[in-house]
Structures are given as C-alpha cells and as structure tokens.
Amino acid sequence: MPTDAASPPLVGLSELDADARLKAEGFNELPRPDRRTLLRIVLEVLREPMLALLLGGGVIYLALGDFKEAIILLVFASLSVIITVVQESRTERVLEALRDLTSPRALVIRGGERKRIAGREVVRGDLLVLAEGDRVAADAVLLEADDIQADESLLTGESLPVRKIARDEAGELIARRPGGDDQPVVYSGSLMVRGSGIAEVIATGARSEIGKIGQALGTMQTEPPRLQTQTRKLVRVFGLIGGAFSILVVMLYGTLRGGWLDAVLAGITVGMSMLPEEFPVVLTVFMAMGAWRISQARVLTRRAAAIEALGSATVLCTDKTGTLTENRMSVAELRLPTGDVFHPRAGDLPPTFRDLLDTALLAAAPDPFDPMDRALHRLAGEHLPDGADARSLVHSYGLRRDLLAITQVWRDPDDLDNYVVAAKGAPEAIARMSGLGDADLRLLSRTIDTMAADGLRVLGVARASHPSDDWPETPLGFGFAFLGLVGLADPLREAVPAAVADCRTAGIRVVMITGDYPVTARAIAREAGIEAETSITGDEIGRLDDATLAQRLKTTTVFARIMPEQKLRIVEALKADGEVVAMTGDGVNDAPSLKAAHIGIAMGGRGTDVAREASAIVLLDDDFASIVKAIRLGRRIYDNLVKAMGFIFAVHVPIAGLALLPLLFGLPILLGPIHIAFLEMIIDPVCSIVFEAETAEDDVMRRKPRDPEQPLFGRALIGWGLVQGLLVFALVAGVFVIGQSRAMPETELRALTFFALVLSFVCLIFVNRSFSTSILAALRRPNPMLLVVLIIVAGVLGLSLAWPCLRELFKFGPLHGDDLALTALAALLVLIVLELIKPLWRSGLGGVSPQRAA
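Treat the numbers as computed from the prediction; the structure is a model and nothing was measured.

1. Comments concerning the overall build of the chain
- The helix and strand inventory of the chain stands at 32 helices and 22 strands.
- Residues counted as buried form 55% of the 854 residues belonging to the chain.
- Taking as baseline every contact in the chain between residues at least 6 positions apart, the subset at least 24 positions apart corresponds to 73%.
- For the chain, the accessible surface area stands at approximately 35,400 Å², while carbon and sulfur atoms represent 58% of it.

2. Topic: the sheet that holds strand β12 (residues 392-397)
- Taken together, seven strands build an open sheet; the order of strands is β11-β10-β16-β15-β14-β13-β12 and the sheet is antiparallel. Edge strands, defined here as strands with exactly one partner in the open sheet, are β11 (341-342) and β12.
- Sheet topology places strand β13 (residues 405-411) next to strand β14 (residues 419-425); seven bridges connect them, and they run antiparallel. Across the sheet, the residue bridging to Ile406 is Lys424, located in β14.
- In the packing of helix α16 (residues 427-434) onto the sheet, the strands contacted are β13, β14, β15 (457-466) and β16 (481-489), and the crossing angle to β15 comes to about 25°.
- Sheet strands in contact with helix α17 (residues 438-453) are β10 (330-335), β15 and β16, and its direction is about 15° off that of β16.

3. As for the nonpolar core
- One finds Ile599 and Leu764 to be the most contacted residues of the largest nonpolar core, which totals 116 residues.
- Looking at this core element by element, the count peaks at 20 residues for helix α25 (residues 625-665).
- Among residues more than four places away in sequence, those in contact with Ile599 are Ala306, Ala309, Leu310, Ala313, Val581, Ala582, Met583 and Ile617.
- Counting 24 residues, the second largest nonpolar core, distinct from the first, contains Leu160, Leu334, Phe353 and Leu376.

4. Concerning α16
- When you tally the buried positions in α16, you get six out of eight residues, the bulk of the element.
- Residues of α16 that are buried include every one of Pro427, Ala429, Ile430, Ala431, Met433 and Ser434, and no others.
- Positive backbone phi, approximately 65°, marks Gly435, located one or two places after α16.

5. Some details on the sheet that holds strand β9 (residues 315-319)
- Taken in spatial order, the eight strands make up an open sheet running β8-β22-β21-β20-β9-β17-β19-β18, and their pairing is mixed. Bordering the open sheet on either side are β8 (299-301) and β18 (535-537), each of which pairs with just one other strand. Each strand axis lies, on average, 20° off the axis of its neighbour in the sheet, ignoring direction.
- Where β8 meets strand β22 (residues 617-619), three bridges bridge the pair, whose relative direction is antiparallel. Residue pairing for β22: Thr301 is matched across the bridge by Ile617.

6. Focus on the confidence of the model for the chain
- On average, residues of the chain score 81 in pLDDT, and 81% of them reach the 70 mark or higher.
- Note that pLDDT drops below 50 for residues 90-102; the model gives that stretch 44 contacts with residues more than four away or on any other chain.
- Counted against residues more than four places away or in other chains, residues 846-854, with its pLDDT under 50, gives 28 contacts.

7. Considerations on the environment of Trp260
- With respect to the helices and strands, the residue Trp260 is situated in helix α10 (residues 260-274).
- On the basis of relative accessibility, which here comes to 46%, the residue Trp260 falls in the partly exposed class.
- The spacing of Trp260 and Val250 is ten residues in sequence and 7.5 Å in space, taken between C-alpha atoms.
- Sequence-distant contacts of Trp260, defined by excluding residues within four places in its chain, comprise Val250, Met251, Gly254 and Thr255.

8. Brief notes about the pattern of salt bridges
- Evaluation of the coordinates by the stated rule reveals 28 salt bridges.
- The partner of Glu25 in a salt bridge is Arg124, and the shortest N-O contact between them spans 2.6 Å. Here Glu25 is found in helix α1 (residues 15-25), whereas its partner Arg124 is found in the loop between β2 (113-118) and β3 (127-130), with 99 residues between them in sequence.
- The partly exposed category is assigned to Glu25, whose relative accessible area is 23%.
- The closest approach of N and O atoms between Asp577 and Lys554, which form a salt bridge, is 3.0 Å. In this pair, Asp577 sits in the loop between α22 (564-576) and β20 (581-585) while Lys554 sits in the loop between α21 (546-553) and β19 (558-560), placing the two residues 23 residues apart along the sequence.

9. Points about the packing of α25 against helix α27 (residues 715-741)
- For the pair α25 and α27, the least separation of the axes is 8 Å and the interaxial angle reads 40°. On the basis of their axis angle, the class for α25 and α27 is oblique. Taken as a pair, α25 and α27 cross one another with a handedness that is right-handed. Residues Val642, Gly646, Phe649, Ala650, Val653, Pro654, Gly657, Leu658 and Leu661 of α25 form the contact with α27, whose own contacting residues are Leu717, Ile718, Gly721, Leu722, Gln724, Gly725, Leu726, Val728, Phe729, Val732, Ala733 and Phe736.
- The residue inventory of the contact of α25 with α27, partitioned by class, reads 16 nonpolar, five polar and no charged.

10. A look at the environment of Val264
- Among the secondary structure elements, Val264 is positioned in helix α10.
- Each C-alpha atom of the pair Val264 and Ser246 lies 8.2 Å from the other, and the pair is 18 residues apart in sequence.

Thresholds applied
- Residues numbered from 1 in each chain as written.
- Predicted model: local features only at pLDDT ≥ 70, side-chain atom pairs only at ≥ 80, totals over all residues.
- Heavy atoms only, no water.
- Helix = DSSP H or I, 4+ residues; strand = E, 2+ residues; numbered from the N terminus.
- Buried < 20%, exposed > 50% of the residue type's maximum accessible area, 1.4 Å probe, protein only.
- Contact = heavy atoms within 4.5 Å.
- Areas by Shrake-Rupley, 256 points an atom, 1.4 Å probe, with all protein chains shown as cover.
- Pairing = 2+ DSSP bridges.
- Axes fitted to C-alpha atoms, helices over the stretch in contact; angles between N-to-C directions.
- Core = buried A, V, L, I, M, F, W, Y, C linked by side-chain atoms within 4.5 Å.
- pLDDT = per-residue confidence, 0-100.
- Salt bridge = Lys/Arg side-chain N within 4 Å of Asp/Glu carboxyl O.
- Parallel < 35°, antiparallel > 145°, perpendicular 65-115°, else oblique.
- Left-handed = near helix turned anticlockwise from the far one by under 90°.
- Nonpolar A, V, L, I, M, F, W, Y, C, P; charged D, E, K, R; others polar.

In structure tokens, the structure reads:
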C-alpha cells in the first residue's frame with residue numbers, strides 16, 4: 001500500500017556502507033563447490049587391478065624385447081584409462097545453476113538515489129525497488145507494498161502467486177517462510193507478478209532461503225551405484241584369489257622350468273584369467289547403451305546409478321504442480337447463482353454465461369502476469385472475440401487485507417453516461433460487496449465447498465454501474481450485483497492416470513508431495529488414480545518424531561503444505577525403511593530431495609536448472625508417463641545385465657582352466673597375456689552387446705520391484721555359470737587332448753584350442769539369451785546385434801588365420817577343415833547339453849531377476 005505523504009524519504013545504505021558489508025559478508029551468490037581434479041580422477045583409475053596387470057605385462061614384454069605384445073597390452077591399458085576418466089569426470093553443476101538463477105539485476109536505493117546494480121552486489125540492508133515482472137535478488141522484508149503478488153513456485157512448487165503485505169501490517173506472529181498469503185517477506189528467486197513496493201534486504205547468498213537449499217545440496221552425497229559397488233567388490237575378491245594363484249604359479253614355474261621373467265608372465269596370465277575385469281567394462285557399456293535407449297523415450301539419464309535403480313524402485317514420490325498437472329491455470333467451470341454450470345471443454349459459451357465471463361475479464365489485469373488472469377484472458381479469447389478492446393481502464397482498487405477482491409472501473413464508448421465496474425476475488429468478499437442475504441450466503445458456502453473439494457480455486461465475480469467519475473473510497477461504495485463463480489484449476493496431464501495404474505501393476509506405490517492445500521491435493525490425487533483416503537500436512541510432520549513419521553508413511557500417499565526440508569525428510573524416512581525411492585520435481589524446492597533420492601527425476605522442459613542438475617534422470621518432454629517407460633527399460637536393462645554377467649562368469653572358468661592346465665601337467669603354454677586380454681577386453685564385451693539388445697521379457701512390468709540388496713550374483717546364477725564354464729572347459733580340453741594325440745605343432749594346437757573356446761562362447765550366447773524360454777523361442781525374438789556379433793567373431797577368427805601380422809601376434813598356425821569341424825562339434829555339444837539341462841535351473845534363476853516379496 002502507498003506510503004503516507006508525511007513519511008520521510010527512504011535513503012538506503014551509503015556506498016561506503018554497502019562496500020563494507022560486501023567485503024564482510026561476501027557477494028550475493030553461493031560458494032563454488034569443490035571439484036575432483038583430472039589428476040585425482042586419473043590416480044583413482046590407476047588403482048584398478050586389471051590395469052595394473054596390463055601395465056605389468058606390457059613392461060615385462062618390453063624387458064623380453066617383444067615390442068608388439070607390449071604395445072598391444074599398453075594400448076588396452078590406455079583405452080581403459082581414457083574410458084574411465086571420461087566417465088568419472090562428469091561432475092555436478094548444481095551450485096553454478098543456483099548462482100545463475102539468483103543473480104538478476106536489481107534496482108536499489110543507495111544514498112537516497114535509485115541505481116541498478118548486479119544482483120551479486122546486493123548486500124544486507126539494501127533497499128530493493130520492486131515492480132511487476134522483476135525477479136527478486138535477495139530475501140527482503142517489505143517496507144511498502146502496493147497490491148503485491150509474487151510467484152514463489154521456484155521455492156514452493158506451487159503455481160499460484162501469493163499475496164504480500166507491508167511489514168507494519170503483518171505484525172510479528174506470521175510464520176515467515178515461502179508460500180502462504182499475507183507475508184511481509186519476498187524471497188530471492190521469486191517473481192513479482194503484480195504490484196510494486198520497496199523492501200529491505202535481510203539475507204543474501206547462502207543465508208537466503210534459496211541459498212540454504214544450495215548449501216544442503218553442496219553437503220549431500222548422491223547414492224553410489226549399487227551394481228558398480230557389487231562388481232568392484234566381486235572383482236576385488238577374484239583379484240585376491242587370482243593374486244594368490246599368480247604368486248603360486250610364478251614360484252612353481254620359476255622353480256620347475258626356470259626363466260623367472262617367463263614365470264612372471266605366466267603368473268600375470270593366470271591373474272588376468274581369474275580377474276573378471278570385464279564386469280566393470282560391460283557394466284559401463286550397459287549403462288551407456290541403457291542411457292541411449294532411455295533417451296529414445298525422451299528421458300535423459302545423467303547418472304548411471306539411476307538406470308540400475310529403476311528396476312527396483314518401490315516408491316515414486318511425485319510433486320503435484322507441473323508434474324502431475326500442466327502447471328498452467330485454466331478455467332475449469334463457470335457457475336451462475338441459479339446453479340447452472342458451464343465447463344469450457346463442453347463447447348460454445350451459452351449466452352447466459354457471457355456477462356459472467358466478460359465481467360471476470362474486466363476485473364483481470366489487461367496485460368497479465370498472474371496465472372489466473374492469464375487463464376481468463378485465454379478463455380475470453382476463445383469465447384468473447386471482442387473482449388475489452390473498445391473499453392479503457394480508468395480506475396482500479398487493489399487487494400486489501402480486509403477485502404480480498406480486485407475492482408476495476410472501465411469506460412465503455414457505447415455507454416458514455418455510465419462506467420462499468422467489475423470485481424473478482426474471494427467469494428466471501430464478493431458476496432459482502434454484493435450484499436447477499438443469509439440464505440444466499442449459506443447456498444454460496446455449500447457451492448464453494450463442493451467446488452473446492454474438486455480441487456478448484458474459486459473466485460467470485462460481481463458487476464456494477466457507476467454514473468460519474470466521483471469514485472468511492474472503497475469498492476464497497478458501488479452497488480454490485482453478484483454474477484456467479486469462476487472455478488480455476490491446474491489441469492491434470494492426460495497420460496497421468498494410465499501411468500499411475502501402470503506403476504501400481506508394477507508394484508510401485510505412488511506418493512504425492514505438494515505445497516498445496518490438503519483439499520486440493522486429495523482432489524488431484526483422486527483424479528490421478530492415487531489413493532487419497534488419508535493425507536498429512538507439513539505442520540503435522542513437524543510434530544512427528546522419526547519413528548512415528550516412518551509408521552505414517554506406510555499408509556499415507558498424499559502430503560500437503562510441505563516445505564522443502566520436509567520433502568527431504570520424507571525421502572530420507574522412506575529410504576531408512578528400506579524403500580527404493582524415485583522422486584520427481586521441477587522447482588528449486590525439489591532439488592535436495594531429488595539429489596537425496598535413489599532416482600531423482602526432473603522435468604526438462606519446464607524444470608529449473610537446479611532441479612535438472614540435482615536429478616539423475618530428466619524427462620525431456622515433461623511427460624509423467626515417460627517415467628513408466630523409463631522403469632520398463634530399467635527393468636529390461638537389469639535383466640539383460642544379469643544375462644551378460646552370467647555369460648562372463650561362465651567364460652572365465654574355461655579361460656582360467658586353460659591357463660592353469662599346461663602349468664599343472666607340463667604342457668606347452670597355450671594362452672598368454674595377449675590372448676587373455678583379447679578375450680576379456682574384445683571378445684567378451686562384444687558378445688555381451690548381444691544381451692544388451694535383447695527385448696524385454698513378457699512379464700517385465702508384472703513383477704514386484706527387484707530387491708536392491710539382492711546380490712547381482714545369486715547362488716543359482718553362480719551355479720549355472722559354473723556348470724556352463726566347466727562343460728566348456730571339459731570339451732575344449734578334450735579338443736586340446738585330441739590335438740595333442742595328433743602331434744599337432746604348438747602353434748596349430750594353440751589356434752585349435754582358441755577357436756574351440758571362442759565358438760563355445762558363441763553357443764553360450766544362444767543359451768543365455770533367455771532363462772525363461774528355450775533357444776527356439778529366443779530365436780524368434782528379433783535381435784539385430786546377434787547377427788552383427790556373429791559376423792564380427794567370424795571375421796576376427798578368419799583374420800587371425802589369414803592375416804600374417806595377426807597370426808604372428810597370436811602365435812597361431814594354420815587349421816584344416818577337419819580341425820575346424822572338430823571345434824564346431826565341441827561348440828555344438830555345449831549348446832545341446834546346456835539346453836537340455838537349463839530347465840533344472842529355470843526356477844532358481846527366477847525368470848531372470850529376483851522379485852521382492854509383495
């Protein structure tokens with residue numbers, strides 16, 4: 001409201017005072033986060049055991065003068081470093097996004113003069129001059145407020161603007177936090193949608209409300225990738241076992257055969273054969289390919305951990321505004337005093353409703369920022385082609401704390417003798433202005449309750465005629481006639497009910513967390529298909545201890561009037577109860593909970609930079625239904641990853657066996673480090689790509705979520721892998737023995753064994769494509785990558801015999817037709833035997849992935 005004419009002029013800080021505070025308290029921005037340097041990332045990568053073995057093998061080959069094999073191993077090592085460093089160097093940019101958001105230009109009063117400065121230079125005690133359309137530069141208390149409404153959706157997530165009043169009107173009892181009407185404080189990052197005022201800055205930078213969110217983000221750690229943790233632990237276990245075997249081999253080789261450098265090479269060979277370092281490689285490939293596949297569903301994956309967690313999500317916490325709804329206010333219904341109702345989607349506007357809509361438009365701002373005013377302009381544009389174009393606004397009355405209505409006076413060129421007076425606002429205020437009787441007030445109250453229960457924001461509309469420009473002191477001086485009610489809503493996205501139903505089928509509980517009022521929240525929840533029998537408000541949560549909150553969370557699905565720190569508390573409580581939490585959101589207020597959740601899902605189109613940077617997944621089309629697509633793909637990716645890891649586990653058994661066999665029986669060394677590196681870093685990952693491209697199992701969205709604590713390698717999968725590996729080892733060893741009995745030269749024997757091994761691996765691909773169906777059923781499922789991999793493997797095997805350079809590198813001799821037939825027969829036996837015994841493991845493998853108990 002305007003300041004009194006006798007009030008002294010506002011002077012503000014002097015430049016000297018402002019400079020002193022800037023030096024003492026710092027810029028109005030958030031501190032930069034600590035970043036991992038490139039050197040630190042490289043040092044972390046160099047600690048990987050497989051990398052150490054590759055480098056060690058390369059160094060020993062250099063010592064032996066075998067430069068070709070040394071260079072090949074060092075190239076493998078370099079590629080491993082480059083891939084990992086690129087993956088690890090993707091760092092968070094949350095605080096930078098917050099800093100950009102909170103540094104608009106600001107108009108301040110300093111030394112009695114108005115000047116525009118950079119937002120980062122605003123200090124505590126500065127006087128901000130605020131006008132419609134301004135972005136607030138810092139938290140500030142209003143000294144003067146003239147009809148101010150602010151959009152605080154960045155902080156609260158709610159699309160409706162809130163009303164602001166001056167400090168002198170507010171008193172000291174009002175809770176000063178973002179959201180809620182009649183507060184005297186404006187907050188950094190909020191947008192002025194109506195009115196003007198002057199405010200004194202009370203908090204800048206990290207001390208502002210948005211800054212506190214930034215600080216919380218800076219101290220929070222994202223969830224570590226569980227599969228990555230499991231695979232690294234598994235690699236370490238195998239590494240210790242392999243290391244012990246390697247030392248034993250070196251001692252035995254050096255003692256029995258002499259030649260300690262060769263002994264070390266033999267030890268490295270055994271160590272590499274027993275170290276399943278392809279697990280991290282294949283995991284990285286699956287996560288990268290999974291991110292690409294999910295992006296085809298218009299979902300951007302920022303962190304690999306989210307892909308693996310998607311299949312095990314048990315709770316989906318969703319914001320209401322902008323996530324379930326369109327974040328665009330629209331007129332849902334017009335209601336006359338007679339009880340007649342018009343729904344805009346029903347068709348053309350009936351003539352009886354024309355005055356109601358026309359008057360509501362006249363009471364709205366001509367060039368609106370307010371979302372409700374914009375909704376009225378859109379509807380009028382569709383049904384009232386002339387609108388208010390011919391009229392001119394001559395006088396207006398803003399919102400007052402004792403009269404929550406806006407009144408505007410227009411001159412109509414068609415009726416110069418009278419002015420048209422239009423008012424809209426709280427129905428109770430409009431009813432008072434219209435002088436409704438007790439019976440009408442009771443009927444109006446019941447109507448408002450009915451509309452509010454449907455989640456509508458209700459405005460009353462009244463109209464008057466005034467004969468002169470002698471305006472009364474308040475709008476109560478006009479003789480208004482009550483015209484009816486306007487119900488506005490933020491409409492539900494069309495695809496939401498079906499997406500919620502899909503989540504329920506997949507065993508995922510959908511929970512709505514919103515800053516809106518409980519009645520509106522429950523109405524939207526019911527419309528979306530979310531159970532809304534009970535709800536909890538932020539005030540109630542504030543009074544609950546952690547144990548009681550955890551108990552209430554088991555049965556409550558709607559949370560209303562929730563503050564950002566309470567969203568975070570809800571997520572943390574769900575996680576503590578063993579739930580795998582996915583959290584959706586789009587505002588700054590959602591960022592801490594997005595980062596704390598196992599799966600943070602931000603809206604890409606409408607969401608803030610802060611929400612996007614804090615999230616693990618971004619919906620590029622802001623479509624809630626895309627979450628279900630992402631979950632389906634996440635489950636498919638995990639299923640296929642289990643198949644690939646089982647395949648790799650199986651192939652390590654014959655690789656390790658063939659590395660140890662010659663040493664135990666005094667036979668020629670068949671596989672050296674170059675062969676092991678080639679198998680484990682080229683053949684195995686390439687073959688694993690076939691599993692990545694497998695289509696989803698039929699029941700992928702009818703299972704309960706996967707238990708995230710279930711190890712990647714369960715007993716059944718390990719047993720199945722051992723059976724496959726031992727069978728391949730036995731048959732390939734048999735081929736080796738047959739070659740020995742033919743007195744084949746060592747180079748030919750090595751090629752024969754290597755071919756039998758690789759062809760057996762190809763047969764393992766066919767066996768492991770599906771645990772739940774036979775090979776015949778799996779062959780009918782399209783997988784274009786299978787043909788590609790078969791061509792690659794055939795090409796590599798052909799080149800290893802035909803290209804002298806590669807043949808010399810692998811130390812292969814020529815193979816004849818009967819030799820190739822023998823290797824093919826061994827591989828075919830692998831396929832037949834495993835297909836016959838696979839049904840014995842089918843129930844233990846659980847149709848691919850373990851299921852969580854209902």
